[in-house]
Amino acid sequence: MNVFKADDPLLQVHNVPRYYGDRIGCTDVSFDLWPGEVLAIVGESGSGKTTLLNCLSTRLAPTAGAIEYRMRDGSMRNLYQLSEAARRLLMRTDWGFVHQNAADGLRMNVSAGANVGERLMAVGDRHYGKIRETADDWLGRVEIASDRIDDDPRSFSGGMRQRLQIARNLVTHPRLVFMDEPTGGLDVSVQARLLDLLRRLVADLGLSVVIVTHDLAVARLLSHRIMVMRHGRVIEAGLTDQVLDDPREPYSQLLVSSILQV
Amino acid sequence: MNATAQIFDQGEYNFAYLDEQTKRMIRRAILKGIAIPGYQVPFASREMPMPYGWGTGGVQVTASILGKDDCLKMIDQGSDDTTNAVSLRGFFEKTANVRTTYETSEATVIQTRHRIPEKELREDQVLVFQVPIPEPLRFLEPRETETRKMHALEDYGLMHVKLYEDIAKNGHIATTYAYPVMVNDRYVMDPSPTPKFDNPKIDEMAALQLYGAGREKRIYAIPPYTKVKSLDFEDYPFEVQKFDKPCGLCGAEHVYLDEVILDDKGGRMFVCSDSDYCEERRAAGHVGPMAANPAAQQIGGHGTNAEEASR
Ligand SMILES: [Zn+2]
């Protein structure tokens, strides 16, 4: 499963903690993410996985430490030392963020086409015909029929909304996509189809992904590497198959066995 | 000295209603607005003796810039004699005792709700707009914190999302009023309820433009000779409304026309929305295709009233 394309890490996390007053959100987190790599952060609710995801995606400033990202020009930059404008541009172009609740990542009152086209317009595309053509192409890639391009997502099913959210994120060819429980709250059959689609897109586009999930089946299907979190700390990390087939930590063993019982 | 002047002299009203401290505060907001063209400056909007929606923002701006020697013109829907225009003009006649006029060229301050006069404005004139909703991004982004950030970071993709939706739904950009503009290559601004027909007049205008939103407590400005571009797409360029007929009364072309019903048999006519412009043309001998129609003559008849009122 070697899809890594470059020798340099895309993202480097050095000793990142995030405290809420005295309470620990997450602490002592360090890791590298490589181009084309899918990293799953797993744990129960309250394990700190969502706090960490928000820190990584510049949605929540860490209390200390450093998070560095390799810009398109190859330079390594501390995310929290970038100007807000530069960060925003990064989030709109080189990154994606797929929310569990599609409504948090979509504009529910504008058409599917405009939802996909927004990022293009944000970076200066000013040709309606081309924007629409690109949006149409992306709707196709996420298996949404062309004739839905002018419908707004309120009329879409949960699975369709999620696929639309993915298209909206991928239209600018980001290199890094954050996903927060992307299949959560969907029916099992809908989940399976979405996971298939995600796996294909991630491989086709060579995306780097940080995905937060409590569902180890999702982690197994999508990720190359896994980090198990508990009480705000990473307690075990390694290749996905290794961790899931042969967990070392008692807590990881518990997690794995509980999924196997399902 | 007439009755209203006496009231003023007796000190029942401060000049132009607002107290001097409030005017200073509003002038500071105006100056900041001029310094940052298109930027919405917050100001502490005061209660005015008229309901919101009656132009309280414009009234406060006008009250703050008006001097004793000014001559004020008040327009609503292009006309000087609608209820709104009449009562606001009356307000300033009473509280500031300034001269008022219907004639665009005679006015030094023009307050308007919708239209920009057809006659080209000059450097010694100020155009004050009454604005209901100053935030052009509000339509798609209800959060004020977010829209402020978008302005600060020049993050304006959303404006084109709105135009995209227009084309997707209507086949063309159907926005005809409050058509968004980019001011001085920096701030996206809402020219408010002004028809897009008037957008080209905003660009490089010789007169100072001041925009006041009372309920939303915002003032913004476009200094003279500022570049103002209407947003559009390369393949759907900005266009103004076109009228295929000239004004029925004065024959003017390339002006903004209102449709007027002439009778209950479906008779109708298009006439200049700018009534002062139309009257001036007719006085100069221009005749439109409907000018001889008796019903049309009645419509145009308010010209004589207007002249009387301006004396
Ligand atoms: Zn006319």
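Everything discussed here concerns the structure shown above.
**Some words on the sheet that holds strand β7 (residues 187-189) of chain B**
Residue and element names in this part refer to chain B.
So, point 1. An order of β7-β6-β10 is seen for the three strands of this open sheet, with the pairing classed as antiparallel. Both outer strands of the open sheet, β7 and β10 (228-230), are each paired with one neighbouring strand and no more. Across this sheet, the average inter-strand angle for adjacent strands is 30°, counted without regard to direction.
So, point 2. Where strand β6 (residues 181-183) and β10 come together, three bridges link them in antiparallel fashion. Residue Val181 lies in a different strand from β10, and its bridge partner there is Ser230.

**A few points about the packing of aromatic side chains**
So, point 1. In the structure shown here, the tally under the stated rule is 15 aromatic pairs over all chains.
So, point 2. Aromatic side chains Tyr128 of chain A and Tyr164 of chain B sit 5.0 Å apart centroid to centroid with 40° between the ring planes, which places their arrangement in the tilted category. One end of the pair, Tyr128 of chain A, is in helix α5 (residues 128-141); the other, Tyr164 of chain B, is in helix α6 (residues 157-170), on a second chain. Like Tyr164 of chain B, Tyr128 of chain A is buried.
So, point 3. Between Phe91 of chain B and Phe92 of chain B, the ring centres sit 5.1 Å apart and the planes meet at 80°, which makes this aromatic pair edge-to-face.
So, point 4. Taking the relative accessible area as the measure of exposure, Phe92 of chain B reaches 0% and is therefore buried.
So, point 5. Cluster of aromatic residues (ring-pair linked, three or more members): Tyr69, Trp95, Phe97 and Phe178 of chain A.
So, point 6. Across the ring face of Phe97 of chain A, the terminal group of Arg59 of chain A is positioned such that the distance to the ring centre comes to 4.1 Å.
So, point 7. Across the ring face of Phe15 of chain B, the terminal group of Lys68 of chain B is positioned such that the distance to the ring centre comes to 6.0 Å.

**Some details on the side chain of Asn199 of chain B**
So, point 1. Within the element layout of this structure, Asn199 of chain B appears in helix α7 (residues 199-202).
So, point 2. In contact with Asn199 of chain B, not counting residues within four places along its chain, are Tyr179, Val181, Pro191, Ser230 and Phe238 of chain B.

**So, the layout of surface pockets**
Empty space among the atoms becomes visible once a probe the size of a water molecule is rolled across them.
So, point 1. As a volume, the largest pocket reaches approximately 1,000 Å³.
So, point 2. Forming the walls of the largest pocket are 34 residues, and the residues nearest its centre are Arg59, Met91, Arg92 and His99 of chain A together with Glu146 of chain B.
So, point 3. The set of elements that each furnish at least two residues to the lining of the largest pocket consists of α2 (84-93), β6 (95-98), α3 (102-105), α4 (112-122) and α6 (158-170) of chain A together with α5 (144-152) of chain B.
So, point 4. Among the elements that take part in the lining of the largest pocket, α2 of chain A stands out by supplying five residues, more than any other.
So, point 5. Grouping the constituent residues of the lining of the largest pocket by class yields twelve nonpolar, eight polar and 14 charged.
So, point 6. No fewer than three residues from each of domain 1 (8-94 + 174-262) and domain 2 (99-173) of chain A sit in the lining of the largest pocket.

What counts as what
Within each chain, residue numbers correspond to sequence positions counted from 1 in written order. Chains and ligands are labelled by the order in which they are written, letters from A for the one and numbers from 1 for the other. Given that this is a predicted model, residues contribute local features only at a pLDDT of at least 70 and side-chain atom pairs are listed and counted only at 80 or more, while totals for whole chains, interfaces and linings are drawn from all residues. Based on all heavy atoms of the structure, the side-chain values leave hydrogens and waters out of the count. Pairing between strands requires that DSSP locate at least two bridges from one strand to the other. Counting from the N terminus, the helices are DSSP H or I runs at least four residues long and the strands are E runs at least two residues long. Interaxial angle, 0 to 180 degrees, is taken between N-to-C directions of lines fitted to C-alpha atoms, where a helix line uses only the stretch in contact. Stacked, edge-to-face and tilted labels apply to pairs of Phe, Tyr and Trp rings (six-membered ring for Trp) whose centres lie within 6.5 Å, assigned for plane angles under 30 degrees, over 60, and everything in between, in that order. In this scheme, a residue with accessible area under 20% of its type's maximum is buried, one over 50% is exposed, and one in between is partly exposed, where area comes from a 1.4 Å probe on protein chains only. In this scheme, Lys NZ or Arg CZ marks a charge over a ring once it lies within 6 Å of the ring centre and within 35 degrees of the ring normal. Should any heavy atoms of two residues lie within 4.5 Å, those residues are considered in contact. Site definitions follow a grid-based scheme: protein atoms alone, a 1 Å grid, a 1.4 Å probe that fits but cannot get out for cavities, and for pockets an open set with protein on both sides within 12 Å along at least five of seven lines, plus lining residues having an atom within 4 Å of a point. Grid points are joined across faces, edges and corners, and a volume is the space filled by probe spheres set on the points. Only Asp, Glu, Lys and Arg are considered charged, only Ala, Val, Leu, Ile, Met, Phe, Trp, Tyr, Cys and Pro nonpolar, and every remaining residue, Gly among them, polar. Residue ranges assigned to the domains are those given by an automatic or database domain assignment.

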